[in-house]
Amino acid sequence: TAMADAERATIYLVDRDRNEYWSKVALGEGVGEIRFPLGVGIAGTVARTGETINIADPYADARFNPENDHRTGFRTRNLLTLPMTDHDGRIIGVFQAVNKRLGSFTEEDEATIGSLAASAAVAVENAQLVSEQKQLWRSLIETLARTIHARDQQTAGHSTRVTRYAWVIGRAMRQATHAPTDPPA
């Protein structure tokens, strides 16, 4: 928001499995998560087409979806919406700046926010890759444990119990290392 002199900014992530884009709301109470089908609204259009959209008056644009404004009581005056792409050029999200404080968003804002959107896309892609890697490892370990259990009925369940104990110990160790050094006042 500071870089674009905007009132709000949102990062929407594309959920290809559900054919939606979504974001968790950081500002405002009671809104929670925003979810819309790809193609709905300005952010949904950008998520589908990959084009940058800079609009001085969203209510005059047929692509604009005023549902969030109605739900939150906020009034969108202008928008700058850019795609976030992964290293293969696939759209993984949308970066949207809302309500430039003075005037409308400029080409300079597009360049500045475009750089920020590109950096955010790298961070999102890295987080998704780490999550996928963790899921792959978890699946591999579960498969190995099931194989061991099937091999010897006397030790069946042992790997699962060891895993649970390791998890409890790891959680306790993490809590101990993140404890404050000074007792609270």
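Just so it is clear, the structure is predicted and the values come from calculations on it, not from any experiment.

1. Re the overall build of the protein chain
Then step 1. Counting its regular elements, the protein chain contains four helices and six strands.
Then step 2. Each helix and strand of the protein chain, ordered N terminal to C terminal, gives the series β-β-β-α-β-α-β-β-α-α.
Then step 3. Relative to the globule expectation of 16 Å for 185 residues, the C-alpha radius of gyration of the protein chain, 23 Å, shows a markedly less compact shape.
Then step 4. Along the longest, intermediate and shortest principal axes, the C-alpha atoms of the protein chain span 70 × 50 × 30 Å.

2. Details of the nonpolar core
Then step 1. The biggest cluster of nonpolar side chains holds 18 residues, and the ones touching the most others in it are Tyr-12, Tyr-21, Ile-42 and Val-94.
Then step 2. At the level of secondary structure, the elements contributing two or more residues to this core comprise β1 (6-15), β3 (33-37), α1 (41-49), β4 (53-55) and β6 (91-100).
Then step 3. Considering every element that reaches this core, the biggest residue donor is α1, with four residues.
Then step 4. Apart from the residues lying within four places of it in its own chain, the contact partners of Tyr-21 are Tyr-12, Leu-13, Val-14, Ile-34, Arg-35, Phe-36, Pro-37, Leu-38, Val-40, Gly-41, Ala-43 and Gly-44.
Then step 5. Of all hydrophobic cores here, the second largest spans 16 residues; its members include Trp-22, Leu-80, Leu-82 and Phe-105.

3. Some words on the side chain of Lys-100
Then step 1. Structurally, the position occupied by Lys-100 is in strand β6.
Then step 2. On the basis of relative accessibility, which here comes to 12%, the residue Lys-100 falls in the buried class.
Then step 3. There is a polar contact of 3.3 Å between the side chain of Lys-100 and the backbone oxygen of Ala-4.
Then step 4. Ignoring sequence-local partners within four residues, the contact set of Lys-100 consists of Ala-4, Asp-5, Ala-6, Arg-77, Asn-78, Phe-105 and Asp-109.

4. A word on the sheet that holds β1
Then step 1. One open sheet accounts for six strands, arranged β3-β2-β1-β6-β5-β4; its pairing is antiparallel. Of all the strands in the sheet, just β3 and β4 have a single pairing partner and so form its edges. The sheet shows a mean angle of 20° between the axes of neighbouring strands, taken without regard to direction.
Then step 2. Across seven bridges, the pairing between strand β5 (residues 79-85) and β6 is antiparallel. In the sheet register, Pro-83 faces β6, and the bridge partner there is Val-94.
Then step 3. Against the sheet, α1 makes contact with β1, β2 (20-24), β4, β5 and β6, and its axis sits at roughly 145° relative to β6, the strand it touches most.
Then step 4. Lying over the sheet, helix α3 (residues 107-151) contacts β1, β4, β5 and β6, oriented at roughly 40° with respect to β5.

5. Looking at the packing of aromatic side chains
Then step 1. Tallied over the entire structure, the rule returns three aromatic pairs.
Then step 2. Between Tyr-12 and Tyr-21 the ring centres are 5.2 Å apart and the planes differ by 80°, which places this aromatic pair in the edge-to-face class. Comparing Tyr-12 with Tyr-21, the two get one shared label, buried.
Then step 3. A cation sits over an aromatic face here: Arg-8 above Phe-74, 3.8 Å from the ring centre.
Then step 4. Above the ring of Tyr-59, the side-chain terminus of Arg-75 is found at 3.9 Å from the ring centroid.

Each value, and the rule that gives it
Residues numbered from 1 in each chain as written. Predicted model: local features only at pLDDT ≥ 70, side-chain atom pairs only at ≥ 80, totals over all residues. Heavy atoms only, no water. Helix = DSSP H or I, 4+ residues; strand = E, 2+ residues; numbered from the N terminus. Rg over C-alpha atoms; globule rule 2.2 N^0.38 Å. Core = buried A, V, L, I, M, F, W, Y, C linked by side-chain atoms within 4.5 Å. Buried < 20%, exposed > 50% of the residue type's maximum accessible area, 1.4 Å probe, protein only. Contact = heavy atoms within 4.5 Å. Polar contact = N/O pair within 3.5 Å; in protein donor to acceptor, adjacent residues only side chain to side chain. Pairing = 2+ DSSP bridges. Axes fitted to C-alpha atoms, helices over the stretch in contact; angles between N-to-C directions. Phe/Tyr/Trp six-rings, centres within 6.5 Å; stacked < 30°, edge-to-face > 60°. Lys NZ or Arg CZ within 6 Å of the ring centre and 35° of its normal.

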